[in-house]
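What follows is each chain in one-letter form.
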Amino acid sequence: MWRTVWRSIDRFSLQHFKYVINELRKIKVVDQHNRELVIDLLQTIVEIVTYGDRQDPFIFECFMEYQVLAEFVRILKISRNSKIEAPLLQYLSIMIQNMGSEHAIYYCLSNDYINTIIAHQYDFDGGDLAPYYVSFLRAVSGKINRDTLCLLVRVNRDVVTSFPLYTEILKFAQHGEKMIQTAVHALTLNIFNVSDDMVYQFVTSPPASQYFSDLVYSLREKCLRLDVLVQATDETCTKQRRKEILLESDEIVDDLYYFKDILSVGEPRLSKVVTQDLLNLLVFPILIPLLQLRQSNGFYVSAVTSLYIVSYLLVVVGGKNIVNAVAGVILYPYMTPRRDAAKEEITNSSSDTHFFLNLLRDMEIMEIVGSESQKDENINGNHICGNDDVRLERNGILMYVFSDNHSLLLASLLLLLILAESKDLDYTSDSMIGLSDIQDPMCRQCQRKAFIINYMHSGFSSQNYGTSASLGVNDNVFVRVMPQTSYQQSCERLQKELDGCWFDCILDTMKDEWENCETALKEPLKSKSPSFALELAVCKQSTDGNTNSSDTAWEIMVDVVKVFILHLQLKALISKGELLEKPLLDSADSGTSNSLDIASASFGSDVYLGSGIPCRIAFSNAGIRDIYMIPAARGLSGKVILAEKHPFRSQRGVVIAIAPLAGLRMQLISTTLHLKQPTIDEDHPTWLHLWIREFDPRSKARKSRGCNLHVSNSALDGRWTLGFPSAKGCEIARLLILEETYKQRSFIKSLLAPLLQKNDPGNLCNEQDGRKL
């Protein structure tokens, strides 16, 4: 009936509003029979109130006079399995969100109606009520300020005894839906940013303060799940696995940004509780076992995941207490002469660091207990030498800086560099670990370190290249990477690749990666994500034991070239204080007319058969064919051509197949695919077996490392078996292939010789005489 009356009067009139309110008051119970009617009444009331808040003040006066919010509360209480809660909360959220009048907002939050609705006993099991309830709470939080917050708390003697808006939303802190988690974070931040002293005391005191501990415990669980994915050995480096790692990492980073937002409020009590929970429940349980300062207390993640988490914590959250606590724990084994002075400086500082002092005392006790085992390690030579013959034990963070595992090496270096360049590293921590000079971004040491991590982060370190380092504390040198021996190792590895199946692509790869290096060096350190260490760890697992194909050999060759560029540039930077320009190399080679003809040959083209050796080959779809095998090398190019004699031109042939000289007959040696002589069949001395490199990285648009793309094993390397008229002819063909391959390899070696010389690379560009890469 009320719908009929509605049509006869203005929808937004005061008369209509009173009529709808009276209709709602007539409802004595809400069940399935009248549920739709009640929903229509609630919707109409909200629409009229929203209109009246902006257009007609008499409507809101009527809203207050009739105590409409009390009717909403009554409807909740008389509902009998009608599922009226969700639409009621939805309409209330809309009404509150659209209120612009301070007077209207103040009234709605007063009289305890909102608290009563918040504290109502809802049934969240099953259904979709939770999102509506959380949205309602978030809408309320969006209207609070220092004047209205007091209307939502219950106080006894200047102490908050009840705060339903806050305590009820915390019940959804661990909800599985992302939208609800986001709402929880937004609501709590709204409350924290109001700057109410009594509320701060409430949220930072038990039991409400348990929320922050629960947050850290939840973050720990996510770290454990991430570590399981990183350490999984039963999967390859598939897109799906990488996607799962990225999703889990994103959840961790989201939590870290939430902690940062809380600390950014700047309230000392709030910052103290959050910082202590992060350090005591996450950072110290990760770092202390990681650095072997104490055994794990039931929470353990692998080293690479631990370094990743702490690095991201420093990058995202930071803060003086966290940065200096992490720096102190990491460098604790190397600052023995300064511990007493450091503790005195911390005690006299204004920072709240008593928890860090307790940690130092605990570590000193553990150090005394473990002193005998450390003596044994020193006797066994577990140390390194720094400048001025300073001897430092290779324990703690140095275990990872010196690790043969490149993921651990890079992750540990990144962590050290983040600490060294942090603006939150204050004078106290600076003097503790001897880093005063690193704070100057223009100093050469800082430039060296920034260069290292920029280059490594961009993928110039995915090969285990045997980097060695030294950590000098007393002489204020934090990290130095790549001494002469490491540079020589990279040279040796590049030389080994000249015996590999991709030696013909080394120069082109070096040209491309040199440009990539220059691009990477322009990026600031802050733009580097610690997640690259996780990807390297996963990719390493995926390639272990799977290096017997040309596509894997290509990736290894590219990595070796990248690492060589890294060491070459770093050596120049250390010795000269500046990077090298792109080397000038000349790839021109005059060659003979025949070699020019062969070098430009393509499928179906005519070639000169003068140097060809007659033989036969069987194709699966074309039978046995009489052909000529022509191996030829000119400059960087080297090919084996199979050609059929031209039907009308006796000295010419038509190309029917081409294969690169590099890659013929591959054999697995160590971790690199190297060349072996083309093989004559033992049972058939006139047969010559040639294994052909089928993989083409350019046509497949492949990148140098395979964690960003799924590595397919579908393209297998091929094989040709050629039959010759006699065993002597077969041997001549084999030797001719080796001769042409040697010519091609020798030419490439001559171009690389200036780069592989043992003298100062700083003079490299001056010795190129205008030759261009």
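Above: the structure in question.
1. Things to note about the packing of aromatic side chains
Taken as a whole, this structure holds 19 aromatic pairs when the rule is applied. Geometrically, the ring pair formed by phenylalanine 63 and tyrosine 107 is edge-to-face, given 6.0 Å between the ring centres and 75 degrees between the ring planes. Of the two residues, phenylalanine 63 is situated in helix H4 (residues 57-65) and tyrosine 107 in helix H7 (residues 102-109); the sequence distance between them amounts to 44 residues. Exposure remark for phenylalanine 63: the relative accessible area of 0% places this residue in the buried category. Between tyrosine 211 and phenylalanine 212 the ring centres are 5.4 Å apart and the planes differ by 55 degrees, which places this aromatic pair in the tilted class. Each member of the pair, tyrosine 211 together with phenylalanine 212, is buried. One aromatic cluster is present, formed by Phe163, Tyr166, Phe192, Phe202, Tyr211 and Phe212 through successive ring pairs. Directly above the aromatic system of tryptophan 502 lies the positively charged group of arginine 693, at a separation of 3.8 Å from the ring centroid. When the ring centre of phenylalanine 503 is taken as origin, the NZ or CZ atom of arginine 745, which lies over that ring, is 4.9 Å away.

2. Thoughts on H7
Three or more residues of H7 are buried, namely Ala104, Ile105, Tyr107, Cys108 and Leu109. Buried-residue contacts for H7 involve helix H3 (35-55), H4, helix H5 (68-77), helix H8 (113-119) and helix H9 (129-141). The backbone nitrogen of histidine 103 lies 3.3 Å from a side-chain oxygen of the residue at the head of H7, namely serine 101. One or two steps after H7, the chain reaches asparagine 111, where phi turns positive at roughly 65 degrees.

3. Some points on the packing of helix H16 (residues 303-316) against helix H17 (residues 320-330)
Two packed helices can be described by the angle between their axes and the distance between those axes. It is the contact of H16 with H17, at a shortest axis distance of 9 Å, that shows an interaxial angle of 145 degrees. Relative to H17, the crossing made by H16 is left-handed. In this structure, H16 contributes Val310, Leu313 and Leu314 to the contact, and H17 contributes Ile322, Val323 and Val326. Per-class residue counts for the contact of H16 with H17 are six nonpolar, no polar and no charged.

4. Thoughts on the pattern of salt bridges
Going through the model one piece at a time under the given rule, you end up with 20 salt bridges. One salt bridge connects arginine 11 with glutamate 47, and the closest N-O pair in it is separated by 2.3 Å. Remark: glutamate 47 occurs in helix H3 and arginine 11 occurs in the loop between helix H1 (2-8) and helix H2 (14-25); sequence separation between them is 36 residues. Here arginine 25 ties to glutamate 71 by a salt bridge, and the two come within 3.9 Å at their closest N and O atoms. In this pair, arginine 25 is assigned in helix H2 and glutamate 71 in helix H5, connecting sequence segments 46 residues apart. For glutamate 71, a relative accessible area of 11% translates into the label buried. A single network of salt bridges, built from pairs that share partners, joins Arg25, Glu71 and Arg74.

What counts as what
- Residues numbered from 1 in each chain as written.
- Predicted model: local features only at pLDDT ≥ 70, side-chain atom pairs only at ≥ 80, totals over all residues.
- Heavy atoms only, no water.
- Phe/Tyr/Trp six-rings, centres within 6.5 Å; stacked < 30°, edge-to-face > 60°.
- Helix = DSSP H or I, 4+ residues; strand = E, 2+ residues; numbered from the N terminus.
- Buried < 20%, exposed > 50% of the residue type's maximum accessible area, 1.4 Å probe, protein only.
- Lys NZ or Arg CZ within 6 Å of the ring centre and 35° of its normal.
- Contact = heavy atoms within 4.5 Å.
- Polar contact = N/O pair within 3.5 Å; in protein donor to acceptor, adjacent residues only side chain to side chain.
- Axes fitted to C-alpha atoms, helices over the stretch in contact; angles between N-to-C directions.
- Left-handed = near helix turned anticlockwise from the far one by under 90°.
- Nonpolar A, V, L, I, M, F, W, Y, C, P; charged D, E, K, R; others polar.
- Salt bridge = Lys/Arg side-chain N within 4 Å of Asp/Glu carboxyl O.

So, to be careful, I would describe these as geometric facts and stop short of saying anything about function.
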